[in-house]
Amino acid sequence: TVTNAGVASSTSEFWTDQIYLSTDETLDESDVLLGSQGNFFGSEASPLGPAETYQVSIDFVVPDLPFGSYFLLLVPDAFGEEPETDELDNIVARP
């Protein structure tokens, strides 16, 4: 579930949500992109008013990786298409 934590409605005509596999809780170039979901203005997710939410579902296959602990990083608006005053709240890490 993605929530608009801002005080204004979304304005972008298109944005992309992504999911990564990572060895830590920080998105960087070593993380593996598992999948993407494009969203467009006028879809269920837009415009998204303050405190409104939408559901995103991304199918993916976990690649062959070394044994260990990993995090799923959920990254709504992955390319920053939606103008925001705080881009730091756009990544959620789950073990």
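Look above for the structure.
This text gives an overview of the structure that appears in the document. (Residues numbered from 1 in each chain as written. Predicted model: local features only at pLDDT ≥ 70, side-chain atom pairs only at ≥ 80, totals over all residues. Heavy atoms only, no water.)

**Quick word on a negative patch on the surface**
Move 1: A contiguous patch of negative charge, built from E84, D86, E87 and D89, is present on the exposed surface.
Move 2: In this structure E84 comes out as partly exposed when scored by relative accessible area, which is 32%. (Patch = residues over 30% accessible without salt bridge, like charges linked within 9 Å, V, L, I, M, F, W, Y side chains within 5 Å. Areas by Shrake-Rupley, 256 points an atom, 1.4 Å probe, with all protein chains shown as cover. Salt bridge = Lys/Arg side-chain N within 4 Å of Asp/Glu carboxyl O. Lys, Arg positive; Asp, Glu negative; His and termini not counted. Charge placed at Lys NZ, Arg CZ, Asp CG, Glu CD. Buried < 20%, exposed > 50% of the residue type's maximum accessible area, 1.4 Å probe, protein only.)

**Points about unusual backbone geometry**
Move 1: The phi torsion at A51 lies on the positive side, around 70°, for a residue other than glycine.
Move 2: Relative to the elements of secondary structure, A51 occurs in the loop between β3 (32-40) and β4 (53-54).
Move 3: By relative accessible area, A51 is classed as exposed at 61%.
Move 4: Phi is positive for D77, close to 50°, though the residue is something other than glycine. (Helix = DSSP H or I, 4+ residues; strand = E, 2+ residues; numbered from the N terminus.)

**Topic: the pairing of strand β2 (residues 14-22)**
Move 1: Along β2, eight of the nine residues are buried, which leaves the element largely enclosed by surrounding structure.
Move 2: Two elements, β2 and β3, share eight bridges in a ladder whose sense is antiparallel. When the bridges of β3 are listed, D17 appears paired with Q37.
Move 3: In the sheet, β2 pairs with strand β5 (residues 71-75) via five bridges, with the strands oriented antiparallel. Looking at β5, one finds that I19 is bridged to L74. (Pairing = 2+ DSSP bridges.)

**Some words on the packing of aromatic side chains**
Move 1: By the definition in use, this model includes one aromatic pair.
Move 2: When the ring of W15 is compared with that of Y54, the centres are 6.2 Å apart and the planes differ by 70°; the resulting orientation is edge-to-face. Here Y54 lies in strand β4 and W15 lies in strand β2, a separation of 39 residues in the sequence.
Move 3: Judged by its relative accessible area of 5%, W15 is buried. (Phe/Tyr/Trp six-rings, centres within 6.5 Å; stacked < 30°, edge-to-face > 60°.)

**Some thoughts on the environment of S9**
Move 1: Inspection of the secondary structure assignment puts S9 in the loop between β1 (2-3) and β2.
Move 2: You can call S9 partly exposed: its relative accessible area is 40%.
Move 3: Setting aside its immediate chain neighbours within four residues, S9 contacts N4, L48, G49, P50 and E82. (Contact = heavy atoms within 4.5 Å.)

**Description of the environment of T3**
Move 1: If you trace the backbone, T3 turns up in strand β1.
Move 2: Along the backbone, T3 and V62 are 59 residues apart, and their C-alpha atoms lie at a distance of 26 Å.
Move 3: Not counting residues up to four positions away in its chain, the partners in contact with T3 are A51, E52 and T53.

**With respect to the nonpolar core**
Move 1: With five residues, the main nonpolar core is built from Y20, F71, L73, V75 and A93.
Move 2: Here Y20 is in contact with L27, D31, V32, L33, L34, F71, L72, L73 and V75, once residues within four sequence places are set aside. (Core = buried A, V, L, I, M, F, W, Y, C linked by side-chain atoms within 4.5 Å.)

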